[in-house]
Amino acid sequence: MNRTTLGKYQRSVSIIGVGCTPFMYTVDNPETNGLTEGELFGYAALKAMEDAGVNPQDVDFYFHGQASPLNGSNYLTPNIQIGNWFGMKGKGSIHHSEACCTGYLAIEQAVNAVASGKYNCVLTGCVEFGDSIPAPATSVEAPKHPYKREKMTMDKFLATTSWLYDRAYARSLMAPMELIYDDAAEDYVRTRGITAQEMDDTLNWMAINNRRNAAKNPLALERTEFEDIAKEKGFDNVMDYMRSPYNPKMGDFLRMEGVERKCDGAAAAIVCATEMIPEIAKNLKHRPIEVLGVGSAACESTTPHFELRATEEAVRQVYEMTGVQPEELDLFFANDFIITSHLCAAEIAGYLPYGEGWKYICEGRTAYDGDKPINTNGGRTSFGHAHAASGMADVYEACMQMRGECGERQVKKLPKTTMLRGYGGAQNVAAVLLRTIEE
């Protein structure tokens, strides 16, 4: 893999406001059925502005991320259609799409724009209808109703993921979607020397820990803990339930509860030049969260073990750029729509010790109240996966944790330094480092 050397930012850049919608199945609820992209994105954008204490007039530019406009949108230029919803009509903007890594690279786009000196304050946000598509869903060319949507079943969704892959050439290892689920688990078993049963336990505990975190998160999609579900189904302990046909294997390793809950949602952040905060956000009531750096890599699916290789490169870049050491990390997030991701990424980043991370997970140490918390919002399997918006939702959660504003799910030690590892199907990976600015 080619190595990239990153330069330092020209000036410090900080996140001063964050906003996030609940992650939800909009068409299943009469109160939310009919919501549009503009309303979802606008809600998150206005919440982020309110959190930062700024108005739309203070914001110079906005970035709009959406992982799959092919599915979710009926616009060629979705960024233009939504400006009225948050008071930025006429302001410059750009749309970008990097699959499920979109939300993490949305931070990189915004930080680069401000660090360059071109803009002082920008909005960056992402929106996704991951659970529904515009109606009628008969063809790409058919005109769509402005707000009526139809459910997108998983089989229909998986049919569209072939657009992620190089369709002219592919290797059997990891290239087809049907094989993507078990690669990281198989690699971990083989390289760390654990048994298949130990990996099964680890995968189940990752799902249990994610759900424990989500149960205390009012924005999460799934909030019923697996212990309660197990009792309802007549099981004496949760692991018997997790190993049962209620949680079937989808291949050699991964079970149903280790796969994303695709849904709808939006999240946004206000990014500002740190030196300009006293002028732009005079009434800011919390500490800014500085973006120390972002590492990025892209390995499409013809690269064996592409998620692992790209994570190694992105993590190397951001550590090299910032000088931060793994032992400085207080909190870790990983886009775990394939749940094995948060184990493998945490070990690659040095947040969990190589070959020992599975033990931390099985001992509950990676839950919100453990000493090595991961995905305190519930991750993709419980918080939900609104594709592009998921990365921004992780940024939202990271900032709230670092500000000590997460209530019942607040981690034991107030985090000062956080890493977020983004991953998008068959392509981009990012590693984002955040640090609380001291008084």
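Residues numbered from 1 in each chain as written. Predicted model: local features only at pLDDT ≥ 70, side-chain atom pairs only at ≥ 80, totals over all residues. Heavy atoms only, no water.

**Brief notes about the environment of N204**
At step 1: The residue N204 is located in helix α7 (residues 196-215) in this model.
At step 2: A C-alpha to C-alpha distance of 36 Å links N204 and D51, two positions 153 residues apart in sequence.
At step 3: Each residue touching N204, except ones within four places of it in the same chain, is listed here: M239, M242, R243, N247 and R255. (Helix = DSSP H or I, 4+ residues; strand = E, 2+ residues; numbered from the N terminus. Contact = heavy atoms within 4.5 Å.)

**Looking at the pairing of strand β1 (residues 13-20)**
At step 1: A large share of β1 lies buried, amounting to 8 of its 8 residues.
At step 2: In this sheet, strand β7 (residues 264-273) lies alongside β1 in antiparallel orientation, the contact comprising 7 bridges. Looking at β7, one finds that C20 is bridged to A267.
At step 3: As paired strands, β1 and strand β8 (residues 289-298) are joined by 2 bridges and run antiparallel to one another. Along β8, the bridge assignment pairs I15 with I289. (Buried < 20%, exposed > 50% of the residue type's maximum accessible area, 1.4 Å probe, protein only. Pairing = 2+ DSSP bridges.)

**Examining the packing of α7 against helix α12 (residues 340-348)**
At step 1: Two elements in contact, α7 and α12, have axes whose closest approach is 9 Å; the angle formed by their N-to-C orientations is 100°. Classified by the angle their axes make, α7 and α12 are roughly perpendicular. Of α12, the residues touching α7 (which contributes M199, T202, L203, M206 and N210) are T340, H342 and L343.
At step 2: Considering only residue class, the contact of α7 with α12 consists of 4 nonpolar, 4 polar and no charged. (Axes fitted to C-alpha atoms, helices over the stretch in contact; angles between N-to-C directions. Parallel < 35°, antiparallel > 145°, perpendicular 65-115°, else oblique. Nonpolar A, V, L, I, M, F, W, Y, C, P; charged D, E, K, R; others polar.)

**Points about the nonpolar core**
At step 1: One finds I15, L123 and I270 to be the most contacted residues of the largest nonpolar core, which totals 81 residues.
At step 2: The biggest single contributor to this core is helix α15 (residues 388-402), with 10 residues.
At step 3: The contacts of I270, once residues within four sequence positions are left out, are S14, I15, I16, G17, A48, M49, A52, V54, V59, C121, V122 and L123.
At step 4: Core analysis: the second largest hydrophobic core is formed by 55 residues, M199, M206, V318 and I338 among them. (Core = buried A, V, L, I, M, F, W, Y, C linked by side-chain atoms within 4.5 Å.)

**A look at the sheet that holds strand β9 (residues 331-334)**
At step 1: Taken in spatial order, the 9 strands make up an open sheet running β3-β2-β4-β7-β1-β8-β11-β10-β9, and their pairing is mixed. Because the sheet does not close on itself, it has two edges, and the strands there are β3 (92-96) and β9. Adjacent strand axes in the sheet meet at a mean angle of 25°, parallel and antiparallel pairs treated alike.
At step 2: Here β9 runs beside strand β10 (residues 417-423); their pairing, made up of 4 bridges, is parallel. Residue pairing for β10: A334 is matched across the bridge by R421.
At step 3: Packed onto the sheet, helix α1 (residues 37-52) meets β1, β2 (61-65), β4 (121-129) and β7 and runs at close to 130° relative to β1.

**Re the environment of T311**
At step 1: In this structure, T311 sits in helix α11 (residues 306-322).
At step 2: Placed 28 residues apart in sequence, T311 and I339 show a C-alpha to C-alpha distance of 15 Å.

**Examining the packing of aromatic side chains**
At step 1: Under the defined criterion, the tally for this structure stands at 12 aromatic pairs.
At step 2: Ring centres of F61 and Y119 lie 4.9 Å apart, and the angle between their planes is 25°; this geometry places the pair in the stacked category. Taken together, the residues F61 in strand β2 and Y119 in the loop between α4 (102-115) and β4 connect sequence positions 58 residues apart. Each of the two residues, F61 as well as Y119, counts as buried.
At step 3: A ring pair is formed by F337 and Y423, whose centres lie 5.0 Å apart and whose planes are at 20°; its orientation type is stacked. Here Y423 lies in strand β10 and F337 lies in the loop between β9 and α12, a separation of 86 residues in the sequence.
At step 4: What makes F337 buried here is its relative accessible area of 7%. (Phe/Tyr/Trp six-rings, centres within 6.5 Å; stacked < 30°, edge-to-face > 60°.)

**With respect to the packing of α11 against α12**
At step 1: In the contact formed by α11 and α12, the axes pass within 10 Å of each other and the chain directions differ by 40°. Handedness of the crossing formed by α11 with α12: right-handed. From α11, E307, L308, T311, E312 and V315 reach across to α12, where they touch S341, C344, A345 and I348.
At step 2: The residue inventory of the contact of α11 with α12, partitioned by class, reads 5 nonpolar, 2 polar and 2 charged. (Left-handed = near helix turned anticlockwise from the far one by under 90°.)

**Some details on the confidence of the model for the protein**
At step 1: With 95% of its residues at a pLDDT of 70 or more, the protein has an overall mean of 92.
At step 2: Overall, residues 171-179 carries pLDDT values under 50, and its contacts beyond four positions in sequence, including any with other chains, amount to 21 contacts. (pLDDT = per-residue confidence, 0-100.)

**Focus: the pattern of salt bridges**
At step 1: Per the stated rule, a full pass over the model turns up 30 salt bridges.
At step 2: The residue R11 makes a salt bridge to E275 at a minimum N-O spacing of 3.2 Å. With R11 in the segment before β1 and E275 in the loop between β7 and α10 (277-280), this residue pair connects regions lying 264 residues apart in the sequence.
At step 3: Via salt bridges that share partners, E186, D187, R190, R192 and E347 belong to a single interconnected network. (Salt bridge = Lys/Arg side-chain N within 4 Å of Asp/Glu carboxyl O.)

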